[in-house]
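For reference, the chains in residue letters:
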Protein chains: 2
Amino acid sequence: MTSSPLSLEARSQADDPSSLVMRFGADEPLIMDSGVALAPWQIAYQTYGTLNAGRSNAVLICHALTGDQHVANDNPVTGKPGWWLTMVGPGKPVDTNRFFVICANVIGGCMGTTGPASTDPATSQPYALNFPVVTIRDMVRAQAALIDKLGIETLFCVLGGSMGGMQVLQWAASYSHRVFAALPIATAARHSAQNIAFHEVGRQAVMADPDWRGGRYLLEGTRPSKGLAVARMGAHITYLSEMALHRKFGRNFQDRSAPTFSFDADFQIESYLRYQGISFVERFDANSYLYVTRAMDYFDLAAEHGGSLAKVFKGSATRFCVISFTSDWLFPTSDSRAIVHALNAAAASVGFVEVESDKGHDAFLLDEPAMFAAASGFIDAAARVRGIA
Amino acid sequence: MTSSPLSLEARSQADDPSSLVMRFGADEPLIMDSGVALAPWQIAYQTYGTLNAGRSNAVLICHALTGDQHVANDNPVTGKPGWWLTMVGPGKPVDTNRFFVICANVIGGCMGTTGPASTDPATSQPYALNFPVVTIRDMVRAQAALIDKLGIETLFCVLGGSMGGMQVLQWAASYSHRVFAALPIATAARHSAQNIAFHEVGRQAVMADPDWRGGRYLLEGTRPSKGLAVARMGAHITYLSEMALHRKFGRNFQDRSAPTFSFDADFQIESYLRYQGISFVERFDANSYLYVTRAMDYFDLAAEHGGSLAKVFKGSATRFCVISFTSDWLFPTSDSRAIVHALNAAAASVGFVEVESDKGHDAFLLDEPAMFAAASGFIDAAARVRGIA
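Model, not experiment: these values are computed from the prediction. (Residues numbered from 1 in each chain as written. Chains lettered and ligands numbered in written order. Predicted model: local features only at pLDDT ≥ 70, side-chain atom pairs only at ≥ 80, totals over all residues. Heavy atoms only, no water.)

**Q** Quick question: what am I supposed to make of the relation of the copies chain A and chain B here?
**A** Here two copies of a chain appear, and what relates them is a rotation about an axis with a shift along it. If you rotate chain A by 180° and push it 0.0 Å along the axis, it lands on chain B with an RMSD of 0.0 Å. The transformation just described matches what one would write down for a two-fold rotation axis. (Least-squares fit on C-alpha atoms with pLDDT ≥ 70 in both.)

**Q** What should I look at first to understand empty space enclosed by the protein in this one?
**A** Unoccupied space between atoms shows up once a probe the size of one water molecule is rolled over them. Enumeration over the complete set of coordinates arrives at four cavities of 30 Å³ or more. In this model, the largest cavity occupies a volume close to 90 Å³. Every residue lining the largest cavity is counted, 13 residues in all, and those nearest its centre are Ala 205 and Ala 208 of chain A together with Ala 205, Ala 208 and Asp 209 of chain B. Considering every element that reaches the lining of the largest cavity, the biggest residue donor is helix H6 (residues 225-239) of chain B, with three residues. One number sums up the size of the second largest cavity: a volume of about 60 Å³. Of the residues assigned to the lining of the second largest cavity, the class counts are six nonpolar, one polar and two charged. (1 Å grid on protein atoms, 1.4 Å probe; cavity = no way out; pocket = protein on both sides within 12 Å on 5 of 7 lines; lining within 4 Å. Points joined across faces, edges and corners; volume = space filled by probe spheres on them. Helix = DSSP H or I, 4+ residues; strand = E, 2+ residues; numbered from the N terminus. Nonpolar A, V, L, I, M, F, W, Y, C, P; charged D, E, K, R; others polar.)

**Q** Is there a simple way to think about the UniProt feature "active site" (unreviewed entry) in chain A in this case?
**A** Residue and element names in this part refer to chain A. Feature annotation in UniProt assigns "active site" (unreviewed entry) to the following positions: Ser 162, Asp 328 and His 361. A maximum C-alpha distance of 10.6 Å is found for the annotated residues, which run over 200 residues; spatially they form one tight group. Along the chain, Asp 328 turns up in the loop between strand S13 (319-325) and helix H11 (333-345). Setting aside chain neighbours within four positions, we find Asp 328 in contact with Ala 186, Gly 360 and His 361. In this structure the side chain of Asp 328 is engaged in a polar contact, spanning 3.0 Å, whose partner is the backbone nitrogen of Leu 330. Structurally, His 361 can be placed in the loop between strand S14 (349-355) and helix H12 (369-386). Ignoring sequence-local partners within four residues, the contact set of His 361 consists of Ser 162, Ala 186, Thr 238, Tyr 239, Asp 328, Leu 330 and Phe 331. In terms of polar contacts, His 361 uses its side chain to reach the side chain of Ser 162, at 2.7 Å. (UniProt positions renumbered as here; feature names shortened; annotations may be inferred. Contact = heavy atoms within 4.5 Å. Polar contact = N/O pair within 3.5 Å; in protein donor to acceptor, adjacent residues only side chain to side chain.)

**Q** Sorry if this is basic, but what is going on with the domain arrangement of chain A here?
**A** The parts lose accessible area when they come together, and the size of an interface is often stated as this lost area. Residues and elements named next belong to chain A. Examined at the domain level, chain A breaks down into domain 1 (5-191 + 300-386) and domain 2 (196-293). Each of domain 1 and domain 2 has a C-alpha centre, and the two are 25 Å apart. Taken together, the contact pairs 34 residues of domain 1 with 31 residues of domain 2. Of the roughly 2,900 Å² buried where domain 1 meets domain 2, counting both sides, 66% is carbon and sulfur surface. Contact with domain 2 buries area across many residues of domain 1, yet Leu 65, Thr 66 and Trp 329 alone supply 21% of it, more than any other trio. For the pair domain 1 and domain 2, the interface holds one salt bridge. One salt bridge in this structure joins Arg 247 and Asp 358, with 2.3 Å as the shortest N-O distance. Breaking the side of domain 1 that touches domain 2 down by element, the ones donating at least two residues are helix H1 (5-15) and strand S10 (125-126). If one sorts the elements of the side of domain 1 that touches domain 2 by residue count, H1 sits on top with four residues. (Domains from an automatic or database assignment. Buried area = accessible area lost by both parts, 1.4 Å probe. Salt bridge = Lys/Arg side-chain N within 4 Å of Asp/Glu carboxyl O.)

**Q** Looking at this model, I keep getting lost on the packing of aromatic side chains. Mind explaining?
**A** The geometry of an aromatic ring pair is captured by the separation of the ring centres together with the interplanar angle, meaning the angle of the planes. In this structure the tally under the stated criterion is 38 aromatic pairs over all chains. An angle of 50° between the planes, with centres 5.0 Å apart, marks the rings of Trp 171 of chain A and Tyr 175 of chain A as tilted. In this structure Tyr 175 of chain A comes out as buried when scored by relative accessible area, which is 19%. Taking 6.0 Å as the distance between ring centres and 50° as the angle between the ring planes, the aromatic pair formed by Tyr 298 of chain A and Phe 267 of chain B counts as tilted. Here Phe 267 of chain B lies in the loop between helix H7 (242-248) and helix H8 (268-281) and Tyr 298 of chain A lies in helix H9 (residues 286-298), a pairing that spans two chains. Each member of the pair, Tyr 298 of chain A as well as Phe 267 of chain B, carries the same accessibility label: buried. (Phe/Tyr/Trp six-rings, centres within 6.5 Å; stacked < 30°, edge-to-face > 60°. Buried < 20%, exposed > 50% of the residue type's maximum accessible area, 1.4 Å probe, protein only.)

**Q** Explain the nonpolar core to me, please; I cannot follow it from the model alone.
**A** The tendency in soluble globular proteins is for nonpolar side chains to be buried as a group. Core analysis: the biggest nonpolar cluster contains 205 residues, and Ile 102, Trp 171 and Phe 313 of chain A together with Ile 102, Trp 171 and Phe 313 of chain B have the highest contact counts within it. Ranked by the residues each element gives to this core, the list is headed by helix H4 (residues 193-208) of chain A, at nine residues. With 36 residues, the next largest nonpolar core counts Trp 84, Leu 159, Leu 183 and Phe 325 of chain A among its residues. (Core = buried A, V, L, I, M, F, W, Y, C linked by side-chain atoms within 4.5 Å.)

**Q** What am I meant to see in the confidence of the model for chain A here?
**A** Atom-level detail of predicted coordinates should not be read off regions where pLDDT is low. Per-chain confidence: chain A averages 94 in pLDDT, with 96% of residues scoring 70 or above. Within the model, pLDDT remains below 50 along residues 1-9 of chain A, and this stretch shows 12 contacts once partners closer than five positions in the same chain are excluded. (pLDDT = per-residue confidence, 0-100.)

**Q** How should I be thinking about the environment of Gln 46 of chain B in this particular structure?
**A** Residues and elements named next belong to chain B. Structurally, Gln 46 is set in strand S4 (residues 41-48). With sequence-adjacent residues up to four places away left out, Gln 46 is seen in contact with Ser 18, Ser 19, Leu 20, Gln 69, His 70, Asn 73, Val 101, Ile 102 and Cys 103. A distance of 3.5 Å separates a polar side-chain atom of Gln 46 from the backbone nitrogen of Leu 20.

**Q** Explain the sheet that holds strand S14 (residues 349-355) of chain B to me, please; I cannot follow it from the model alone.
**A** Paired through backbone hydrogen bonds, the strands of a sheet run either parallel or antiparallel to each other. Residues and elements named next belong to chain B. What the eight strands build is an open sheet, ordered S1-S4-S8-S5-S11-S12-S13-S14; its pairing is mixed. Two strands in the sheet have a free side with no partner beyond their single neighbour: strand S1 (20-24) and S14. Averaged over all pairs of adjacent strands, the angle between strand axes in this sheet comes to 20°, irrespective of strand direction. Of the pairings in the sheet, the one linking S4 to strand S8 (residues 100-104) comprises four bridges and is antiparallel in character. Paired with Tyr 48 across the two strands is Val 101, which belongs to S8. Where helix H3 (residues 163-174) meets the sheet, it contacts strand S5 (58-62), strand S11 (155-161), strand S12 (179-185) and strand S13 (319-325), and its direction lies at approximately 145° from that of S11. (Pairing = 2+ DSSP bridges. Axes fitted to C-alpha atoms, helices over the stretch in contact; angles between N-to-C directions.)

**Q** Explain the interface of chain A and chain B here, please?
**A** Contact with chain A, which involves 53 residues of that partner, is made by 53 residues of chain B. Both faces considered, chain A and chain B share a buried interface measuring about 4,600 Å² in area, 70% of it formed by carbon and sulfur atoms. Linking chain A with chain B are 10 salt bridges, by the criterion used here. Its salt-bridge partner being Arg 274 of chain A, residue Glu 200 of chain B comes within 2.5 Å of it at the nearest N-O pair. The interface formed by chain A and chain B contains 26 residue pairs in polar contact (both at pLDDT 80 or more). For the side of chain A that touches chain B, the secondary-structure elements that each account for two or more residues are H4, helix H6 (225-239), helix H7 (242-248), helix H8 (268-281) and H9 of chain A. Per-element accounting of the side of chain A that touches chain B gives the leading share, 12 residues, to H4 of chain A.

Shown next as structure tokens:
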């Protein structure tokens, strides 16, 4: 396979994204959990709404594994609408008429924040696997550096789902005094063995693709598209529920009522999955997929505090609202309950809502009125306490 | 990659397995659901125990996706013990001192029964994708032909788990008068959309491997080992439960207490999965994996009878015992309940046991005393009615 326009676009996107970018120089390294001091580095972000005079109305949204900073605007790479328009915008639970909303691409990502597809200044080539392994705490450190530069001391609210929720919890753990309210959704304080296993299969699928080239595909003009597509297909199943799949696709055949007795995409679910795989590789860097899944696998908040999650939150003044979904088997309600129990044990302020839904893990991205009601109620009450009009 | 001894062994094994083989000539075609008349063809099988004078004590065991005929003897290919020694043997629930036990490799398989790795007499080359797509009903037709040749009119019992259970149900549907007792375990009367989706990811992983060569790898001296290993890793997760994974591996690191900040197999679960993938490709043919998963996907017993599962079993004199496991999320208890409800609606004789287990789908292969007790009780009672000493 020869170099495609897409891989050039991917490189260009990595260094010069179509969004705001905060750059940190050689004297402002990002000190990472691996021990690496990354410099120079940059973080790509979007903002919505206006920071008030008291700088008290800033809301940070943390994105999930394959998300990005384009939470509430058309995505310049895919042309698709922002990924959380249901939650963020004028009159929405995160009301951009009242709040100054920030969303940044994670470190290790591929939408403009420094990651494995970015140019390593030492070699003028993409980092590839020379990029240091990142953690959720590194992502949060990078966001904190951005917030500092923006002159914001305390975030009114930090929220996000899935890996975004992990960052919310890490913010509350690392920078408790800088988080007034925290809203972790469909998440866990540590990644389970089963979830690590699913991620490992995805990484092995990428690495099994000969076009991955030991991570050096951008240099060698290839793309591990088939491997990354397989990884995405497998992961996508875990984001849904059997009920949702059954309702949407059942055992329906494609355009006909009988099997073709072939290996074509005979069932609608097969064709849907193949499309999910193919469309994903157009927008996501394979090495970033390795790095960001690895960050989730490493996440174990209690491990930083001798195994006690309650100790993590001891003395926290942050108010929390934890949301889970009944049909989410990737981050089941039991994971959210563990967070709530720890917050209770730490005498923190916490509300908990388990939303009845059959849409699986992806419910947090979909039209779930009970989630919107819970989020609105929590944010509005916190805003009153905070004195935000 | 050049031709390896393994691929030669695989071909040899496909035509000349180390087990009993029943051969069917050009005048004895297997008429398949696809419309193909397969001839000549053969079925590889093992037997244990002795057929009694009345020919009334024959038990057929149906194997699962990656199983084979070596149910209770050392496997000549892997050197490992038989796959269901807990259930089959002297004094076991399927007591080889009392019963004549038969287990045959499925059509489309790779352990001696005709499948895609077998030599196509028309070309003297492996069939590869020229092999007709098989169904569960085709597997059962092939077994019925074997039973005919063995001179057995009625099977005392047909049993099996997972895909084996699908065959049990198909036996009871297609040859009700030839099945005295049926014991489907951890199975379903139709494959769910989620399970089709998992299979499709596995097939795509195989097909994405350039060494698959459009299925012609045996001819071209390659093996799609990486793709098949990825498929197996993903599937293996679905055979276990989150509880089992957590108990066995948790978030334990390999040989150390801290992360390596690399993409090595850092967690024990990763190294376990990689081993599962690597060891699987030593014993299983990639094209067979495509064919046999496809057969499971196509399985929908009620579809043969206008969507009514009760109609399938109407008037059946077979007695049934259905077994499921609480932590099996691949073939959840709800699937077994659907079978039981249909049998009840058909006024069939049916018992149902949901075994409390945290071992997931693979529980049917493991040490589950409640399963053994249920199976023994059912088989012994049926044997008394059947008049088998």
